[in-house]
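Okay, here's what each chain looks like letter by letter:
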Amino acid sequence: MINQNSPEYEKETVILAQIDLTTGSIPKTLLRFAFPMICGNLLQQLYNVADTLIVGRFLGSDALGAVGSSYTLMTFLTSILLGLCMGSGALFSVCWGQRDLARLRRQTHAAFVLIAVCTVVLNAAAFLLLDAMKTLLSVPAEVWPLMRSYLFVIFFGIGGTFLYNYYASLLRAVGNSLVPLLFLAASAVLNIALDLVFVLVCRWGVEGAAAATVLAQWLSGIGTAVYTLVRCPELRARREERRITGSMLRELLSASVLTCLQQSVMNLGILMVQGRINSFGPVIMAAFAAAVKIDSFAYMPLQDFGNAFSTFIAQNYGAQQPERIRRGIRTAVILSSVFAVCVSACVVLLAAPLLGLFLQPGETEILQAGVTYLRIAGAFYVGIGGLFLLYGLYRAVGRPGMSLVLTVISLGTRVALAYALSAVPAIGVVGIWWSIPIGWALADLTGVLVWRRAGRKLTENSHPGAKMR
């Protein structure tokens, strides 16, 4: 344990904590910490959008549908790793809030080993089950060859995704949200440049778009890892701290497995909906592929703000500041809601011109379907903004199981209604679009009611590791 008045503590605070979330103005602190995370993931979405835009414009609607469906599948696969990193990051934040650096180092080493093993297993399974995915996702025969070629290349980037998300979670847990942004910005620029070269100059088709993304992922992953290990030696586990015990694994699994399940369930639900969308044919596939990129780009800041809010809550939970947690919740709800309303207005009003960026002239049927999706889902971003705050809140106070419950409610409703409503001829594919905000609303209502009953007790209870202060 580091004495908070010691020179060693002051030195490590300067090196590790770009922003101390346990002190200062709550709105200013939250926004300063969240801003680099929002910019970083907007850049990540930008290079996902670059794939879609270039493929849609220059390779046609079948290629657009193939890349769009591949993106949904990759989001599901990497959500397993992201969930483990996010759950571990919440534990790291609590350790940092307690200023227990020895415990932090032990946990970071154990988490790295655990998630690295999961990455290897996941990557191997992805390649082995590649051909089975055609049936799972109900991919039309004319789209599958393109989709298979894209996936075969894109799977080589899973390791890079692990490295980036692990080290980004670690840096953010100790207050540094700027460095992950810088490496992501560099990889986004590289991805877009390589997209143009591989697709337009080299004529490598969808494989070229995938190769550009893979190289960019490895750049951001390796860069973030090297920076953390070289510039933050206080985070490197010492020889005597590298022994992984059963109690350490249990604590890590308790913090991360449910978050992993939450992320996986969320994206499995989306994957199941994608299968239903694919059954409507290439036009709806292409419309959804383009619209969901705009959709993700629009509400991604809300997700990142929810993650920043989670780190804020976790640090203050570790520091045992329940009143600051309560004030932080009120501030976060106001900020998230204002942003969501503004973004909803932009997406609803500009749906057609935004979709036009991804489509070739004359693809009016695809454009019409995409506009309908955006005007339904885009009008209710305040719902998903609230849901991201609830996910982060329950994860930060050591109740990731509740985040999982909310995800099951949201996605379970979405999947059930998507299949039920779209089967009605008079409703059709529009039923899939309406299932999205209905799922958000039910999950939000549940999360708020539970917090009103148990929130004060949860924030005033010490984290399992607080006794080590």
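Each remark here, short or long, concerns the structure printed above.
Let me begin by describing the structure that accompanies this report. (Residues numbered from 1 in each chain as written. Predicted model: local features only at pLDDT ≥ 70, side-chain atom pairs only at ≥ 80, totals over all residues. Heavy atoms only, no water.)

1. Structural notes on the packing of aromatic side chains
Inspection of the entire model under this criterion finds 20 aromatic pairs. Summarising the aromatic geometry, the rings of Tyr166 and Tyr167 are spaced 4.9 Å apart at their centres and angled 90° between planes, so their arrangement reads as edge-to-face. For the pair formed by Tyr166 and Tyr167, the shared burial category is buried. Their ring planes at 45° and their centres at 6.1 Å tell us that Tyr299 and Phe388 sit as a pair that is tilted. Taken together, the positions of Tyr299 in helix 11 (residues 282-318) and Phe388 in helix 15 (residues 381-396) put the pair 89 residues apart, joining distant regions of the chain. Like Tyr299, the residue Phe388 is buried in the burial classification. (Phe/Tyr/Trp six-rings, centres within 6.5 Å; stacked < 30°, edge-to-face > 60°. Buried < 20%, exposed > 50% of the residue type's maximum accessible area, 1.4 Å probe, protein only. Helix = DSSP H or I, 4+ residues; strand = E, 2+ residues; numbered from the N terminus.)

2. Quick notes on a nonpolar patch on the surface
On the surface, Val113, Val117, Val121, Ile244, Leu249, Leu253, Val257 and Leu261 cluster together into a nonpolar patch covering about 570 Å² of accessible area. At 4 residues, helix 10 (residues 246-278) tops the list of elements feeding residues into the nonpolar patch. Along the polypeptide, Leu249 turns up in helix 10. By relative accessible area, Leu249 is classed as partly exposed at 30%. (Patch = residues over 30% accessible without salt bridge, like charges linked within 9 Å, V, L, I, M, F, W, Y side chains within 5 Å. Areas by Shrake-Rupley, 256 points an atom, 1.4 Å probe, with all protein chains shown as cover. Salt bridge = Lys/Arg side-chain N within 4 Å of Asp/Glu carboxyl O.)

3. What to know about the environment of Arg203
In this structure, Arg203 sits in the loop between helix 8 (178-201) and helix 9 (205-231). Its relative accessible area of 65% is what places Arg203 among the exposed residues. Taking C-alpha positions, Arg203 is 9.9 Å from Leu59, a pair spaced 144 residues apart along the chain. Reaching out from Arg203, the side chain makes a polar contact with the backbone oxygen of Leu200 at a distance of 3.3 Å. (Polar contact = N/O pair within 3.5 Å; in protein donor to acceptor, adjacent residues only side chain to side chain.)

4. Re helix 8
End to end, helix 8 covers 34 Å across 24 residues, agreeing with the expected 34 Å (1.5 Å per residue, within 8%). With its phi angle positive at about 60°, Arg203 sits one or two positions after the end of helix 8. (Expected span 1.5 Å × (residues − 1).)

5. Description of the nonpolar core
In this structure, Phe309, Ile313, Tyr373, Leu374, Tyr381 and Trp433 are the most contacted members of the largest nonpolar core, which totals 72 residues. Tallying contributions element by element places helix 11 first for this core, with 19 residues. Every residue in contact with Ile313, bar those within four places of it in the chain, is listed here: Ile325, Ile329, Leu393, Ala396 and Val397. Within the second largest apolar cluster, 63 residues are counted, among which are Trp144, Met147, Leu151 and Val179. (Core = buried A, V, L, I, M, F, W, Y, C linked by side-chain atoms within 4.5 Å. Contact = heavy atoms within 4.5 Å.)

6. Concerning the side chain of Thr228
Within the secondary structure, Thr228 is located in helix 9. With a relative accessible area of 2%, Thr228 lands in the buried category. The contacts of Thr228, once residues within four sequence positions are left out, are Tyr167, Leu170, Leu171, Pro233 and Leu235.

7. Observations concerning the layout of surface pockets
In this structure, the largest pocket spans a volume of roughly 480 Å³. Forming the walls of the largest pocket are 22 residues, and the residues nearest its centre are Ile329, Val333, Leu393, Val448 and Trp451. Secondary-structure elements contributing two or more residues to the lining of the largest pocket are helix 12 (322-349), helix 15 and helix 17 (430-460). Among the elements that take part in the lining of the largest pocket, helix 17 stands out by supplying 8 residues, more than any other. Across the lining of the largest pocket, the residue classes tally to 10 nonpolar, 7 polar and 5 charged. (1 Å grid on protein atoms, 1.4 Å probe; cavity = no way out; pocket = protein on both sides within 12 Å on 5 of 7 lines; lining within 4 Å. Points joined across faces, edges and corners; volume = space filled by probe spheres on them. Nonpolar A, V, L, I, M, F, W, Y, C, P; charged D, E, K, R; others polar.)

8. Quick notes on empty space enclosed by the protein
Within this structure, the stated rule accounts for 2 cavities of 30 Å³ or more. The wall of the second largest cavity is formed by Met86, Gln262, Gln263, Gln303, Gly306, Asn307, Phe388, Tyr391, Gly392 and Arg395. Elements with a minimum of two residues in the lining of the second largest cavity: helix 10, helix 11 and helix 15. Looking at the lining of the second largest cavity, the element that brings in the most residues is helix 15, giving 4 residues. Counted by class, the lining of the second largest cavity contains 3 nonpolar, 6 polar and 1 charged residues.

9. Concerning the pattern of salt bridges
Evaluated as defined, the whole model comprises 3 salt bridges. One salt bridge in this structure joins Arg105 and Glu241, with 3.0 Å as the shortest N-O distance. With Arg105 in helix 4 (residues 101-128) and Glu241 in the loop between helix 9 and helix 10, this residue pair connects regions lying 136 residues apart in the sequence. Classification of Arg105 as buried rests on a relative accessible area of 5%. With a closest N to O distance of 3.4 Å, Arg326 and Glu323 form a salt bridge. With Arg326 and Glu323 both in helix 12, this residue pair falls 3 residues apart, about one helical turn.

10. Things to note about the state of the cysteines
Applying the stated criterion to the full structure yields 0 disulfides. Free of any disulfide, Cys95 has its nearest neighbouring cysteine sulfur in Cys85, separated by 16 Å. Its relative accessible area of 0% is what places Cys95 among the buried residues. Of the cysteine sulfurs around Cys346, a residue in no disulfide, the closest is that of Cys342, at 7.1 Å. When its relative accessible area of 45% is taken as the criterion, Cys346 is described as partly exposed. (Disulfide = S-S within 2.5 Å.)

By themselves, these observations are geometric and do not establish any function.
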